[in-house]
Amino acid sequence: MRRPGEGMMLKRPYYNRHQLKQVKGLFGRFTIVAFLIVILIIYFIVISTSKTNYLSPESPSEINVQKLWNPADSGGWKPSSTPRSNWPPPPNETNGFLRVRCNGGLNQQRTAICNAVLAARIMNATLVLPELDTNSYWHDDSGFQGLYDVDIFIRALRYDVRIVESIPEIRKNGKTKKIKAFQLRPPRDASITWYTTTALEKMKEHGAIYLTPFSHRLAEEINNPEYQRLRCRVNYHALRFKPHIMQLSQSIVAKLRSQGHFMSIHLRFEKDMLAFAGCFDIFSPHEQKVLMKYRKENFAEKKLVYSERRAIGKCPLTPEEVGLVLRAMGFDNSTRIYLAAGELFGGDRFMKPFRAIFPKLQNHTTLVDTDTDSLNSNDLLTDNTQGLIGSAVDYMVCLLSDIFMPTYDGPSNFANNLLGHRLYYGFRSNIRPDRKNLAPLFIKREEEGEFVGFEAAVRRVMGRTNIGGPHKRVSPESFYTNSWPECFCRAGVVGGEDGCPPENMMEVLEERLMNVSS
């Protein structure tokens, strides 16, 4: 028999537990919602701080042009590619001969030469003087011997690799003949392991190997600082242009500097780059056909939409856009500018707006004296304006200029190596346009005309760019564009990763080399 109130007593605990579950469920849902709200708030804060509104008047827009004429702050760092650890000289006995054919433009060829020296060191091979693929693009048969000082190249690298001008003849079974090099096509960005296995095996088997093509055929990021310093020794010490190229370049620089500071600009508004980037729409129908034909013949098929490409900064700046950036930064029409460029596509109509803003534009052909018979300057450049020698003169003038500005600094580009060389040459100032963040400003200007705040917005974009001081290398930036910190050391610091090598290191290397030779 159920007692009075017994049913109530049994139901009440059940009711309380059910109510508690409901409360817990509501609390859990509330916690999740609150957590999501916090995440969204943090996300929008991060986005708002990372994406600067360059049109906002609150953002700083001042640039000190006078400071740009001087080198950037080194932070106590100085260039140093001398070995800092055990670095034995090349032994007398090698595993064979290494031939390479360096294809592409001047920058690609310099990079390939650095990689060839490193590959020879890795394989304990004797390097045959690199071949330059001068005919396919340059229509220039200068070759390594016509462009670089061979004696300096061999002497500067004597502690690192053995170098010969050609594969020597050998006498076998009473007959004299040359070793025939086995031809190999290295994988793009091949690892060190590929060279110490596949390539080395063929070298030992045949006595010599011929690597072709040899552009970007050795990985750039190698976890061995001494290997990276070897690349710097090749690039910045061993690769010296021939005396007549150096003299001509220095005479041009002297003329420009006789009137004060000067800036150099690599204007990459050329057919090959425009075709590669897919930047067609600003040209006439005939010019577009020319670009499309060039692209079809030289690059992989890919659908490219000009408006999309331009909006994300994939198009080279037009000459007018270059002028607008410089004027917004504070440079006036008295600024002396040296133009390093091939044949500009689209004719002079694209140069007129630039020339109207900055009339003091010159290039290597306009600066050569007609009476410099001793240097044969006119003959030299008339025949090689678009060739390797003209490119070499441009390279040296840009290297020595007070400020350098590339309008397109992608991989395998003339500016790619120059930026790294200027960094190594004393942190010289560079103006590197942020094309991605400048694009919306130029597009807005085209749609609305010159709008209020345009120049201040450009200054805000450019004020956030690196002008040449030490900075961490972040992909996709190339080692050849920024060899810091491997090829630099801190002045006054001895030992450790940042320390400078002992002052007598070169004497130590010389002694080691003498011991091996004897």
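Up top is the structure.
Note that the structure is predicted; figures quoted are calculated from it, not measured. (Residues numbered from 1 in each chain as written. Predicted model: local features only at pLDDT ≥ 70, side-chain atom pairs only at ≥ 80, totals over all residues. Heavy atoms only, no water.)

## Some thoughts on the overall build of the protein
Point 1. In terms of helices and strands, the protein carries 19 helices and 16 strands.
Point 2. Across the protein, contacts joining residues at least 24 apart in sequence account for 78% of those joining residues at least 6 apart.
Point 3. Carbon together with sulfur atoms contributes 54% to the accessible area of the protein, which is approximately 26900 Å² in total. (Helix = DSSP H or I, 4+ residues; strand = E, 2+ residues; numbered from the N terminus. Contact = heavy atoms within 4.5 Å. Areas by Shrake-Rupley, 256 points an atom, 1.4 Å probe, with all protein chains shown as cover.)

## Concerning the state of the cysteines
Point 1. On inspection of all chains with the given rule, the structure shows 3 disulfides.
Point 2. Paired through a disulfide, Cys-232 and Cys-487 show a sulfur-sulfur distance of 2.1 Å. Handedness here is read from the sign of the S-S torsion; for Cys-232 and Cys-487, about 90 degrees, the answer is right-handed. Remark: Cys-487 occurs in the loop between α18 (454-462) and β15 (488-494) and Cys-232 occurs in helix α7 (residues 225-238); sequence separation between them is 255 residues. (Disulfide = S-S within 2.5 Å.)

## Comments concerning the nonpolar core
Point 1. Leu-98, Leu-147, Phe-153, Tyr-195 and Phe-241 are the most contacted members of the largest nonpolar core, which totals 76 residues.
Point 2. Among the elements that line this core, the one with the most residues is helix α3 (residues 106-123), at 11 residues.
Point 3. Setting aside chain neighbours within four positions, we find Leu-147 in contact with Leu-106, Leu-132, Arg-240, Phe-241, Lys-242, Ile-245, Leu-388, Ile-389 and Ala-392.
Point 4. Formed by 33 residues, the second largest nonpolar core is a distinct cluster that contains Ile-265, Val-322, Met-351 and Met-462. (Core = buried A, V, L, I, M, F, W, Y, C linked by side-chain atoms within 4.5 Å. Buried < 20%, exposed > 50% of the residue type's maximum accessible area, 1.4 Å probe, protein only.)

## Section: the pattern of salt bridges
Point 1. Summed over the entire model, instances satisfying the criterion amount to 21 salt bridges.
Point 2. The salt bridge partner of Lys-444 is Glu-448, with a shortest N-O separation of 3.0 Å. With a gap of 4 residues between them, Lys-444 and Glu-448 both fall in helix α17 (residues 435-448), about one helical turn apart.
Point 3. Judged by its relative accessible area of 23%, Lys-444 is partly exposed.
Point 4. Members of the salt-bridge network, linked through shared partners, are Glu-221, Arg-473 and Glu-486. (Salt bridge = Lys/Arg side-chain N within 4 Å of Asp/Glu carboxyl O.)

## Overview of the sheet that holds strand β13 (residues 403-406)
Adjacent strands of a sheet form backbone hydrogen bonds with each other and so pair up, either parallel or antiparallel.
Point 1. Spatially, β12-β11-β10-β13-β14 is the arrangement adopted by the 5 strands of the open sheet, whose pairing is parallel. Edge positions in the sheet fall to β12 (361-362) and β14 (429-430), since each of these pairs with one other strand and no more.
Point 2. Pairing between strand β10 (residues 263-266) and β13: 4 bridges, direction parallel. Within β13, the position partnered with Met-263 by the bridge is Ile-403.
Point 3. Lying on the sheet, helix α15 (residues 388-400) is in contact with β10, β11 (337-340) and β13; it crosses β11 at an angle near 145 degrees. (Pairing = 2+ DSSP bridges. Axes fitted to C-alpha atoms, helices over the stretch in contact; angles between N-to-C directions.)

## Description of the side chain of Thr-126
Point 1. Looking at where Thr-126 falls in the secondary structure, it is placed in strand β3 (residues 126-128).
Point 2. For Thr-126, a relative accessible area of 6% puts it in the buried group.
Point 3. At 3.2 Å, the side chain of Thr-126 and the side chain of Thr-94 are in polar contact. (Polar contact = N/O pair within 3.5 Å; in protein donor to acceptor, adjacent residues only side chain to side chain.)

## Focus: the environment of Pro-440
Point 1. Inspection of the secondary structure puts Pro-440 in helix α17.
Point 2. As for Pro-440 and Ala-311, which are separated by 129 residues in sequence, their C-alpha atoms are 6.5 Å apart.

Purely geometric stuff here, so don't read any function into it on its own.
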